[in-house]
Every structure is written in structure tokens, then in C-alpha cells.
Amino acid sequence: MAMRWKNTLKDSHVTDEAAFMNRRQLMGSAVAGLGLATMGAGQASAAGEKLTPNSYEDITQYNNFYEFGTGKDEPAKYAHTLTTQPWTVKIDGLVDKPGDYALEDILSAMTIEERIYRFRCVEAWSMVVPWNGFELADLLDMAGVQSGAKYVAFETANRPDEMPGVKFPVLDWPYVEGLRLDEAVHPLTMMATGIYGKDIPNQNGAPLRLVVPWKYGYKSIKSIVRITLTDKQPPTSWNKANAREYGFYSNVNPEVDHPRWSQASERQIGGGLFAKRIPTLMMNGYADEVSDLYAGMDLRKDI
Ligand SMILES: Nc1nc2c(c(=O)[nH]1)N[C@H]1C(S)=C(S)[C@@H](COP(=O)(O)O)O[C@H]1N2
Ligand SMILES: [Mo]
């Protein structure tokens, strides 16, 4: 279904993560001007902007996971209470093979890759993350998407006993998200199962979370228990909470400010207190790869 593209970054990034350095195959997906359209199956990209990933500590100690509290340090403190084994993902709606899929059965059918992506939160901070995971398109292929499907809806676990944050009505639990089907099957869209070659920590959305690198971070829903193929645009948590501030698309766009702050630049986590902000890139640097998805749309209106 999705176009295959792989590109190997052989250089070692500035990092002290041994597990990371030892991996043979790094996905250099966060590459400006990658030019997916010109690449065939398994072909390596010539272009190569080299991103330096944030440290494992940055990535796993500064989180948004409101089911465990709204403080950036709270998920790392409290998410260990989430039981991630066994884990089942219900795949239903407009699919040929609906059912409750055991995570290990999903994983045994998928190819785990490493991809270094920019990650840009709507709050105007950013990181670079070396994810491990597989393409969402491969999982959807496994379930067999039916022709009437136009959107994919996602749902996070909702476990008051394990998630202290869901006792508070910060959001309408469970956390839900959605993508248009063409966004969902885009080769950049992945399901992450690891970071730096290790199993993804609970605070980052174990055991399975979405990663959509050209969209604001809140689209990348964590700890997914349900995936539903539908013909209607699904409700999304932040849009339900405040539709004026958070749209369905949520594509990173430096030209469209949040009603309460500028989106033109971002603060890099790990850069220190006095680090200069860096300019935010259109579609978070993935415009060459994904702009076609939005041809004819008014990106100022369809936020
Ligand atoms: N279930 C769930 N998923 C979620 C969130 C959340 O609160 N709950 N926060 C989102 C937001 S706002 C961001 S920026 C990213 C943060 O991912 P990270 O903690 O791995 O950096 O997760 C997203 N996914
Ligand atoms: Mo976010």
C-alpha cells in the first residue's frame, strides 16, 4: 500500500547512547528535501540533512501524557503504574479482519525500523527523536482496509486505577485522535515501539504510540488500545477541548499562529535556558514529502 523508502545514515550522531550507536540501520527520515516521489522501493536517499537526536534523558523526562498529570515531569514519575503486558489493540470499523489483536502478534508481522524525526509540540518546544517502530500502513494492510474507509480513529487506554490523571476532567477521556486515511498510510506515519533501540518507556506511550512527524505533537497519541476505520472525520481530544485553538489537521505551520502564541519559532529541549529559538519549518520540515496531501486546501482555515 505505502511506498517503501529507506535511507541509511551511516555517520554517528553526537550521542552517548550505546544502544543507538550499535544499530545497523538508522532511518534518516527527517531529511529536508528527501523527495519521496522520486524514490523507488528500498532506494536510498542521496540528500541528507543530519539531525542530532536529543538525549535519552531529554526524551523520556520531559513529556506530555496528561493521563499521568499535566506537569512535564509527571509522566516519568507516575507512568510506571501502567500495565503494558499483555496488551491488546482492537482494530474495527471498515476493515476485512476486525478483531482484538495481541500486541505480540502485531509485532511478529511487522518490520521494526529506526527513524530519526523532528518532534514539534504545539506549545512551541521541539526535540529530535530516534524512534523504533513500523509503518502504520503495514498494520492497516494487515487488517485489510475496506474501500469505504476515509479516516482512522485512535484511542488511548482509559484506566483510572493505573492512570492518576484521568480522575481529573482535564480532557474528555479516553484521549482520542484521528487522521485522514491518506495521512495514515503515508510512509512517514509510524507506530512507535521503541526509542534509542530500547522498548518505548511508559511515559512516551508504551507499548504502541502513533508518530506523525509533520503534525503538532498532540496528534501522536500514546498507549493505543483501539484503531477504527471510518467514513467520518473522528472527534479528537484537543479539538473537543478547544476547537478554536486546535483543529483536526494540526499540521505544523510557522505562518499560522496559535491564538495565544507565535508558531514561527520553537525552543529546543536540551538546549539550555539561554539557547536561541530556532525557526519552525513548514510541515515541521517534511513539506516536500507531505504537501501533496493538502493540495487545494486553505492551510490557514483547515488548521
Ligand atoms: N494519550 C495521550 N497521548 C498524547 C498526549 C496525552 O496527553 N495523552 N500528549 C500529546 C502531546 S501534547 C505531545 S507533545 C506528545 C508528547 O510526546 P512525548 O512525551 O513522547 O514527547 O504526546 C501526545 N500524545
Ligand atoms: Mo504537545
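The shown structure was predicted, so the numbers you read here are calculated from the model rather than taken from an experiment.

J.: How do you make sense of the environment of Tyr 286 when you look at a structure like this?
T.: You can see Tyr 286 is positioned in the loop between strand 12 (278–279) and helix 8 (287–290). A sequence separation of 169 residues divides Tyr 286 from Tyr 117, and the C-alpha atoms of the two residues are 9.7 Å apart.

J.: How should I be thinking about unusual backbone geometry in this particular structure?
T.: For residues that are not glycine, phi is negative in most cases, and the peptide bond is trans in most cases. With omega at 0°, the peptide bond leading from Trp 173 into Pro 174 counts as cis. Following the sequence through the fold, Pro 174 ends up in the loop between strand 5 (151–156) and strand 6 (176–180). Along the chain, Ala 206 connects to Pro 207 via a cis peptide bond; the corresponding omega equals -5°. A positive phi angle, near 55°, is found at Tyr 196, a position not held by glycine. The class for Tyr 196 is buried, based on a relative accessible area of 1%. With a phi angle near 40°, Ser 223 is a residue other than glycine that sits in the positive phi range. Considering the arrangement of structural elements, one finds Ser 223 in the loop between strand 9 (209–211) and strand 10 (224–230).

J.: I would appreciate a short explanation of the site of ligand 1 in the present structure.
T.: The local shell around ligand 1 holds 17 residues, among which Asn 63, Tyr 66, Glu 67, Thr 156 and Lys 222 are the closest. Measuring from a nitrogen atom of ligand 1, one finds a backbone N or O atom of Ser 220 at 2.9 Å. Here an oxygen atom of ligand 1 and a side-chain polar atom of Lys 222 are 2.7 Å apart. When ligand 1 is considered free in solution it has 530 Å² of accessible area, and contact with the protein chains removes 97% of it.

J.: Any chance you could explain the UniProt feature "binding site: Mo-molybdopterin" (unreviewed entry) in the chain here in plain terms?
T.: UniProt marks Asn 63, Tyr 66, Glu 67, Cys 121, Thr 156, Asn 204, Arg 209, Ser 220, Ile 221 and Lys 222 with the feature "binding site: Mo-molybdopterin" (unreviewed entry), using the numbering shown here. From this annotated list, the subset lining the largest pocket comprises Asn 63, Tyr 66, Glu 67, Cys 121, Thr 156, Asn 204, Arg 209, Ser 220, Ile 221 and Lys 222. Mapped onto the elements of the fold, Arg 209 is located in strand 9. Here Arg 209 is in contact with Phe 119, Trp 131, Met 190, Met 191, Ala 192, Ile 200, Asn 204, Ser 220, Ile 221, Lys 222, Ser 223 and Ile 224, once residues within four sequence places are set aside. Turning to its location among the elements, Ser 220 is positioned in the loop between strand 9 and strand 10. Of the residues examined, Ser 220 reaches a relative accessible area of 5% and is grouped as buried. Apart from the residues within four sequence positions on either side, Ser 220 is in contact with Phe 119, Arg 209, Leu 210, Val 211 and Val 212.

The rules we used
- Residues numbered from 1 in each chain as written.
- Chains lettered and ligands numbered in written order.
- Predicted model: local features only at pLDDT ≥ 70, side-chain atom pairs only at ≥ 80, totals over all residues.
- Heavy atoms only, no water.
- Helix = DSSP H or I, 4+ residues; strand = E, 2+ residues; numbered from the N terminus.
- Buried < 20%, exposed > 50% of the residue type's maximum accessible area, 1.4 Å probe, protein only.
- Near = heavy atom within 4 Å.
- Polar contact = N/O pair within 3.5 Å; in protein donor to acceptor, adjacent residues only side chain to side chain.
- Areas by Shrake-Rupley, 256 points an atom, 1.4 Å probe, with all protein chains shown as cover.
- UniProt positions renumbered as here; feature names shortened; annotations may be inferred.
- 1 Å grid on protein atoms, 1.4 Å probe; cavity = no way out; pocket = protein on both sides within 12 Å on 5 of 7 lines; lining within 4 Å.
- Contact = heavy atoms within 4.5 Å.

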